[in-house]
Amino acid sequence: MEAKIIQMEPSPKVVQLSEVAADCMLLFASAVRAGFPSPATDYEAEPIDLNAYLTQNPTSTFLARVEGDSMIGAHIEPGDLVVIDRSVKHTSGRIVMAFIAGEFTIKRFMLKPDGAYLVPENPKYESIKVSEPDMGRIWGVVVGVVKKV
Amino acid sequence: METTRFALVDCNSFYVSCERVFRPELNGRPVVVLSNNDGCVIARSNEAKALDIKMGTPYFQMKELAKQERVEVFSSNYELYGDMSRRVANTLAQFTPNLEIYSIDECFMDLSHLKPEEVAEYGKQIKKTVERWTGIPVSVGVACTKTLAKVANRLAKKRVGADGVLVLESKQETEEALRQTEVGDVWGIGRQHARRLQQLDVHTAWDLQKLPEGWVKKHMAVTGLRTLLELRGKPCQELEIEAPARKNICTSRSFGRPLTQLTDIEEALSTHTVRCATKLRKQGSCASSLTVFLMTNRFAVTEHNFCNSRTKQLASPTSNELELLRHAISLLRVMFRAGKRYVKVGIILNDLVPASEVQLDLFSHQNDEKQTKLMHTLDTLRQRFGHHSLKYAVQGAIDESNRHKEEQQKAPWMLRKDHISSCYTTAVEELLVIRK
């Protein structure tokens, strides 16, 4: 068999390790240890953030404490904290915090053919018809309730 | 990238507006906010301005009027204002990341990316969004320099029909705005320059920008020249997106009532020192020297005036509050004279350097790493449990965190805050209450 000369590729550029060592270090997410590496490092995640769960927009979100019982039917009870996002649109059917006749109140906002209503969820109380804009205004939309049991 | 279009967003009567968000019944009523220790008026609603209550009016002088006209009076609640300010700035950051927080109630924004015909609508959108998200009403002024944006903002508030948004895009719009602006109302023109200019028949911003550069540079220095060029539409000031680290930090408060006992003043000074050192570490600096000052009541005619200060040069820059406390207290003890009635004490940390550039002193920093760790731990604990959770014995035993509990005994040096509102957004026990 005839020997053949195989042309070699030119040898690759020699890289000084010390020059790039700093960049290489970034590859390790955890300290290098001899021994079995933690299989969890690839799956690292942030702990659950209740703030992120309760609101889309922390900048426009406020908390308030409930003392009244007019929304018991919607599971908003005295002692609860309500999470109010002012950037959410108050569409019909949403629970809102409103400032009506000099007081803050939480009610369900309902648009009906004859006007806008603030509807309680407790048979003890009556609905409020918002007949004129001067009566008050909607402060924000309730997006969550925080309870301690 | 150079900014070619600046917006200045300014909160209207900011402190008053913060109070009104949580007390909507105060809309349309005269409201004022008092300075630290309930001294003077520092913010007024339009209704209070209409009653001719001036900025800086001492509270005791307007007490009678306040009663007659049912003026609502608040002590300043910086915890609330700070949080609302942060919310406003965060809302603005939705519109552009290139944002300079200029003061607690003002931000400059870069709107260079917009087409001229889009600007007015964008301004309205900014105003509407801030008001809806935070409840704080704002005015928006837009122009090609910071100084002109300030001019535009002022007119946006005043001009009927502007509805809080004014854009100066064309030459005519700018000229008209400058003609409507008094020279003393131009950003950066102090009262003295204004008086002098008026004597020279320079009454409006329009007159001012017509002056020759040489004259302005000679009589009003470089800052005056910068104002002149900016009024002509040539930007001389870029956005400062990252606030530069401050060169010195000061914490001082007037006492709730005049003090005569050294221990009371020591309590106050050590509390200020801890606060000041916390601020120092937060901006990542170390102080090279510290100054303590102590004042007697300068309004009391019967007493000899006494305002003294002492400075201590440190062996090497530090942010260690143990060390700062030790020096502060010893400076105070040197200055203190028995038999005087003191009204104020304060500390200034000077010649700040970045913590990363501090030269280690072989002798005083034996335990440097340990101390840094300790300070870090203190900062973390205070951040989580409040500034009052951890104290030095020299700060006294009274808990200033329970400021709303009336039965709470108050340290004599603590501020008077007789009209303080709740910290609605930063303290869970002070939230808004819904009774219905």
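What you see is a predicted model, and the numbers here were worked out from it, not measured in a lab. (Residues numbered from 1 in each chain as written. Chains lettered and ligands numbered in written order. Predicted model: local features only at pLDDT ≥ 70, side-chain atom pairs only at ≥ 80, totals over all residues. Heavy atoms only, no water.)

(A) Highlighting the overall build of chain B. Secondary structure assignment for chain B yields 13 helices and 14 strands. Going through the 436 residues of chain B one by one, you find that 48% of them count as buried. In chain B, the proportion of contacts linking residues at least 24 apart, taken out of those at least 6 apart, comes to 68%. About 22,900 Å² of surface is accessible on chain B, with carbon and sulfur atoms providing 50% of the total. For chain B, the distance from the average site of its 63 positive side-chain charges to the average site of its 53 negative ones is 4 Å. (Helix = DSSP H or I, 4+ residues; strand = E, 2+ residues; numbered from the N terminus. Buried < 20%, exposed > 50% of the residue type's maximum accessible area, 1.4 Å probe, protein only. Contact = heavy atoms within 4.5 Å. Areas by Shrake-Rupley, 256 points an atom, 1.4 Å probe, with all protein chains shown as cover. Lys, Arg positive; Asp, Glu negative; His and termini not counted. Charge placed at Lys NZ, Arg CZ, Asp CG, Glu CD.)

(B) Spotlight on the pattern of salt bridges. Residues and elements named next belong to chain B. In this structure the tally under the stated criterion is 26 salt bridges over all chains. Taking the shortest distance from any N to any O, the salt bridge between Arg23 and Glu72 comes out at 3.5 Å. Of this pair, Arg23 sits in the loop between helix 1 (14-22) and strand 2 (31-34) while Glu72 sits in strand 4 (residues 72-75); the two residues are 49 residues apart in sequence, bridging distant segments of the chain. A relative accessible area of 24% places Arg23 in the partly exposed class. A salt bridge links Arg154 to Asp185; the shortest N-O distance between them is 2.8 Å. On the criterion of sequence distance, the pair formed by Arg154 in helix 6 (residues 146-158) and Asp185 in the loop between helix 7 (171-179) and helix 8 (191-199) is long-range, its members being 31 residues apart. Overall, Arg154 belongs to the partly exposed group, its relative accessible area being 24%. Taking the relative accessible area as the measure of exposure, Asp185 reaches 34% and is therefore partly exposed. When salt bridges with common partners are traced through the structure, they connect Arg23, Glu25, Arg29 and Glu72 into a single cluster. (Salt bridge = Lys/Arg side-chain N within 4 Å of Asp/Glu carboxyl O.)

(C) Fine view of a negative patch on the surface. All names here are of chain A. Where like charges cluster on the molecular surface, the negative patch consists of Asp42, Glu44, Glu46 and Asp49. Within the fold, Glu44 resides in the loop between helix 1 (17-25) and helix 2 (50-54). We classify Glu44 as exposed; its relative accessible area is 61%. (Patch = residues over 30% accessible without salt bridge, like charges linked within 9 Å, V, L, I, M, F, W, Y side chains within 5 Å.)

(D) Broad picture of the confidence of the model for chain B. When pLDDT is averaged across chain B, the result is 87; 92% of the residues are at 70 or more. Ignoring residues within four places in sequence, the model shows residues 403-408 of chain B, a span with pLDDT below 50, making 11 contacts including any to other chains. (pLDDT = per-residue confidence, 0-100.)

(E) Region of interest: the domain arrangement of chain B. Domains assigned within chain B are domain 1 (6-11 + 85-232), domain 2 (14-79) and domain 3 (249-358 + 367-397). Each of domain 1 of chain B and domain 3 of chain B was reduced to a C-alpha centroid, and the two centroids are 38 Å apart. (Domains from an automatic or database assignment.)

(F) Looking closely at the sheet that holds strand 3 (residues 41-44) of chain B. Residues and elements named next belong to chain B. Read across the open sheet, the three strands follow the order 3-2-4; overall the sheet is mixed. Strand pairing shows two members of the sheet lacking a second neighbour, strand 3 and strand 4, which therefore form its edges. Pairs of neighbouring strands in the sheet enclose a mean axial angle of 25°, with direction left out of account. As defined by bridge partners, strand 2 adjoins strand 4 across four bridges and the pair is classed as parallel. For Val31, the partnering residue across the bridge sits in strand 4 and is Glu72. (Pairing = 2+ DSSP bridges. Axes fitted to C-alpha atoms, helices over the stretch in contact; angles between N-to-C directions.)

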